[in-house]
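Summary of structural features
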Amino acid sequence: MAISSFTYGSLVLACQSTERRALLDLKKGLVDSSDWLESWATGDCCKWSGVVCHNVTGHVTELHLGAADLPPLTTFSGEISPSLGDLKQLSYLDLSNNDFSGSSVPDFLGHLANLRLLNLSGAGFTGTIPPQLGNLSRLRYLNLQTNYGGNLTVEHLDWISGLSRMEFLDLSYVDLGIASNWLTVVNKLHFLQELHLSNCRLRSIPSSLNNVNFSSLSVLDLSYNNFDDPLFPSWSFHLGSLTTLNLANNRFRGPIPEGLHNMTSLRQLDLSWNQFTSLEPNCFLGLSQLQLLNLAQNGLEGEIFSGAMQNMTSLIDLDLSSNDRLESRDGIPDYFRTFCSLRTVTLSGVNLRQEVDEALRVLSGCPARTLESIRLSNCQLFGHLINIPFRNFQKLDTLSLSRNIIAGQIPASLTDLASLRYLEIFSNKLDGPLPLGIGSLSQLESIDISENSLEGDVEESHFHNFTKLWLFQASGNRLSLKVGPRWTPPPQIEILGMGFWHLGPQFPAWIRSLKLLTELNMSSSGISSSIPSWLFFNSHFYSIDLSSNLLNGPLPNIYPFMSILDLSNNSLSGSLSDFLCYKPDEEKTMQVMNLGANEFLGEIPDCWRSWKFLEAIKLSSNKFRGKIPPSLGALAFLQSLHLRNNNLSGEIPPSLANSTKMVALDFSRNNLEGSLPAWIGGGFSGMMILNLRDNKFHGQIPKELCVANSLRILDLADNNLTGEIPRCFNNFTAMVQMNDSEGVIQLSYNGTGPFFETAVVVIKGKLYEYGSILKFVRSIDLSMNKLVGKVPEEITRLGGLQSLNLSDNSLTGDIPRDIGSMRSLESIDLSLNQISGEIPPSMSGMTFLSFLNFSSNRLSGRIPSSTQLQSLNSSSFAGNKDLCGLPLAKNCTRDRVTDESGGNGRDEPDEGDGSGSEFKWFYVSLALGFIVGFWGVVGSMVLNKQWRYGYFHFVDLLWDKLCCRY
């Protein structure tokens, strides 16, 4: 038995003198900011803090120096003295969660032959783990887990085979990338009970193993390794004692294997963040003791709640979220009523297609006694909340029903959830007022009811008992705030969303009392005053959205260290010099700046060098003049730059070539000039949107533009560009096919949360602004230039292109014959050119085409037959004197046709049409068809008595059946 004087009283013998000196040397090397080692000075060292000695021999056997043994927020740093090796009888050493940053794991620890426990986890050690640790043959517990992003590695793992008595091994976050034999080595540890190798950069995992020697293993954690091998490790099926299996985030593919049903001892199973596609029918059949099941973030599809899950009555935590093709024909099944230990249910993204009250009624019985979290967002739930017995869920902490189709009012019974802390019901179809009693939810910390159709007044009493509320999101409703002039909202609010509320006309003075506010959204709220100067004194702000109001006056001095500022669509005026050039040597941290659609004027200040973290700048639709400031090129993180619809002049500054992360560039509707710089393509390989429309650019379109293969929108219309269209446009691989899973273009990755790009695009002659589906838009517009040559055949390879406008140029030659392969085209405009030849027959297959303009060219021949082409207005083909066929009134049979040998110039009929008028023969055929069809039936019955009787008998029988049925 080993005892500690600070815990268990006096010792029989005092500590050894050599060991006392070793401890004092250890103290000298440690930095002890809290003086916790103050007792390490005089007296018996067995009575020193953290020291445990043997109660007979007096030898030091244990050192408890982990951060858990120290006062709160206290850690050791410094160096580990080699004198620690003199503690020959030491069996327990804990230095965990300290800060030995930059120090390597001491190799002399390998001489502590009696060590049974070594815990260096989270202590900040770096470098290579010394193989000398393999000499610790008595070691049973080894924890070298490093912190996330740590720099601890191994040269090999062969030394582990010397730890034959090992029962617990944790090397999580240690770089084991070169240890390809890790499984072979670990398999030699016959007594191993827990193995933790999470996030170790392991590359391979054998799917099979001849002999499984570590059969006593109860915990196996191989999560976050992203193995190159896609197959599930079937050798794990032979671990009959396994209670915990964590294989999350490893890129395993295919079905979840049936062999899992052999692992009958499993209590926890985590297969989340993989690429599993389906469930084998009986894979869960024997897992009746399972308490945690996490299959979230896979690609699972098909029916989930099979009979195999019916026996999981011990389930505590269930997470099947983010499997968008997973479904349940019957919603949450009735057998969930027997899951009486259930604590968390997360089914977000599973297609339940169930009435919300039915789903929650299943959980309102026995499970409601223990349930703490219900997450059913985006489950296609419908119906109303009115009849749900919320009073049964007395322990419910979290309720998420967002992104469904739930309608009706928020019921007053929702206030029966006395323990509720987090409520999410945003993006539904809820209407009516906000229940007055919602303020009685005194435990509520976060509520999100945004993007519904709620209306009515919100009064002070709604917030009366929100003493813990830090998040209130209710934007996108038609609510009105009715409070007195001295009202103060819950002071601890950090995130406040009241966009589209009625808050104006004056700026709400109560905002000033929210000292902890970090995010504020009061967009489209009817405020028509100036921005008060006190608003930006709050140093906690990192996001403010006051867009789409009637704010006026100059821009006040704004706290420059916030991350997102959106003041667009207001009436703010004046210069930006005071704002942008304030303390030019002071580094600002703003990442998104949107001041578009205001009345700012003057030159754009050349003071951008101190704003080096900016990722998105929108200054469109103001009254700026002068040149584009060169210092914008100092913004290395810049991804989105919108300066459209101003009065800017001069050339594009070469310094912008340094902004290589550019995704969207819009300089349209200005007076910019010069040639298009070659680096605008070669330097911006990730460019998705380039809009230089309506300027004065000249010269040729640079071939380097084709390097930007991510381009989705290219608009160079209404300039003075010359030369031919580059044949390399087929390099725009993002226009070749539509393979995007979501429609938004998301920017801003440096910690501010997502910023969604928007773009103004001219399609079908109209101006559209895209946001939520922007990533699905594919458009090329080169109209109103001076381009010459042919329409390149290569452009037809852009099978995902939706809009192509090459009108009002001087293009010649034929329309590419394979243009019909552009099956996604909805709009094509080649008007006002000199294009000749026939319209290719392949256009008959362009089923999405809804807008076409080939007018004012030199086209000839017949317009191909198709539903799309014949349904167009004749003006789409006007001004082509040799073009004929519907929808034109011109008859193809009277066109002049010249044969390939030269022809004789005579009017000849079109072969296959006969010699009459196209319209005449159409109506003649129609009349003949009617006569033959009508008299073929009626005439037969007139001439044949038996047929006549038979027909009318059939009609009588049919009438009797209809009358009897209905």
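Placed above this text is the structure.
Quick caveat: nothing in here was measured; it's all calculated off a predicted structure.

**Considering the sheet that holds strand β63 (residues 882–884)**
Two orientations exist for strands paired in a sheet by backbone hydrogen bonds: parallel and antiparallel. Ordered in space as β60-β62-β63, the three strands form an open sheet in which the pairing is parallel. Each edge of the open sheet carries a strand with a single partner, namely β60 (836–837) and β63. With three bridges connecting them, strand β62 (residues 858–862) and β63 associate as parallel partners. Paired with Ser 860 across the strands is Asp 882, a residue of β63.

**Details of the pairing of strand β44 (residues 647–650)**
Only one face of β44 is buried: it carries Leu 648 and Gly 650, and the other face, with Asn 647 and Ser 649, is open. Sheet topology places strand β42 (residues 623–627) next to β44; three bridges connect them, and they run parallel. Residue pairing for β44: Lys 627 is matched across the bridge by Ser 649. Of the strand pairs in this sheet, β44 and strand β46 (residues 671–675) are connected by two bridges, and their pairing is parallel. By the bridge assignment, Gly 650 is partnered in β46 with Leu 672.

**Side note on the pairing of strand β26 (residues 405–409)**
Relative to β26, strand β24 (residues 382–383) runs parallel, the two being bridged by two bridges. What sits directly across from Phe 382, in β26, is Ile 405.

**Let's talk about the state of the cysteines**
For the coordinates displayed, the defined rule picks out six disulfides. Disulfide pairing places Cys 46 opposite Cys 53 at an S-S distance of 2.1 Å. Linking Cys 46 and Cys 53, the disulfide has an S-S dihedral of approximately -95° and is accordingly described as left-handed. One disulfide bridge connects Cys 340 with Cys 366, the sulfur atoms lying 1.8 Å from each other. Taking the sign of the S-S torsion, about 130° here, the bridge from Cys 340 to Cys 366 comes out right-handed. Of the two residues, Cys 340 sits in the loop between β21 (325–327) and β22 (344–346) while Cys 366 sits in the loop between α4 (356–363) and β23 (373–375), which places them 26 residues apart along the sequence. Accessibility expressed as a relative area gives 33% for Cys 340, which makes it partly exposed. Here the chain pairs its bonded cysteines, counted in sequence order, in the arrangement 1-2, 3-4, 5-6, 7-8, 9-10, 11-12.

**Here we look at the pattern of salt bridges**
In total, this model carries 15 salt bridges according to the counting rule given. For Arg 421, the salt bridge goes to Asp 397, with nearest N and O atoms at 2.9 Å. Placement of Arg 421 in the loop between β26 and β27 (422–424) and of Asp 397 in the loop between β24 and β25 (398–400) is noted, with a sequence separation of 24 residues between them. Across the pair Glu 455 and Arg 478 runs a salt bridge whose closest N-O atoms are separated by 3.6 Å. Linking Glu 455 in strand β30 (residues 453–459) with Arg 478 in strand β32 (residues 478–482), this pair joins segments that are 23 residues apart in sequence. Through salt bridges with shared partners, a single network forms among Asp 397, Arg 421 and Glu 445.

**Things to note about the packing of aromatic side chains**
Scanning the model with the defined rule gives 25 aromatic pairs in all. Ring geometry for Trp 487 and Trp 510: centres 5.3 Å apart, planes at 70°, overall edge-to-face. Note that Trp 487 is positioned in the loop between β32 and β33 (495–497) and Trp 510 in the loop between β33 and β34 (519–521), a separation of 23 residues in sequence. Since its relative accessible area comes to 9%, Trp 487 is described here as buried. Taking relative accessible area as the criterion, Trp 510 reaches 10% and is therefore assigned buried.

Quick notes on the rules
- Residues numbered from 1 in each chain as written.
- Predicted model: local features only at pLDDT ≥ 70, side-chain atom pairs only at ≥ 80, totals over all residues.
- Heavy atoms only, no water.
- Pairing = 2+ DSSP bridges.
- Helix = DSSP H or I, 4+ residues; strand = E, 2+ residues; numbered from the N terminus.
- Buried < 20%, exposed > 50% of the residue type's maximum accessible area, 1.4 Å probe, protein only.
- Disulfide = S-S within 2.5 Å.
- Salt bridge = Lys/Arg side-chain N within 4 Å of Asp/Glu carboxyl O.
- Phe/Tyr/Trp six-rings, centres within 6.5 Å; stacked < 30°, edge-to-face > 60°.

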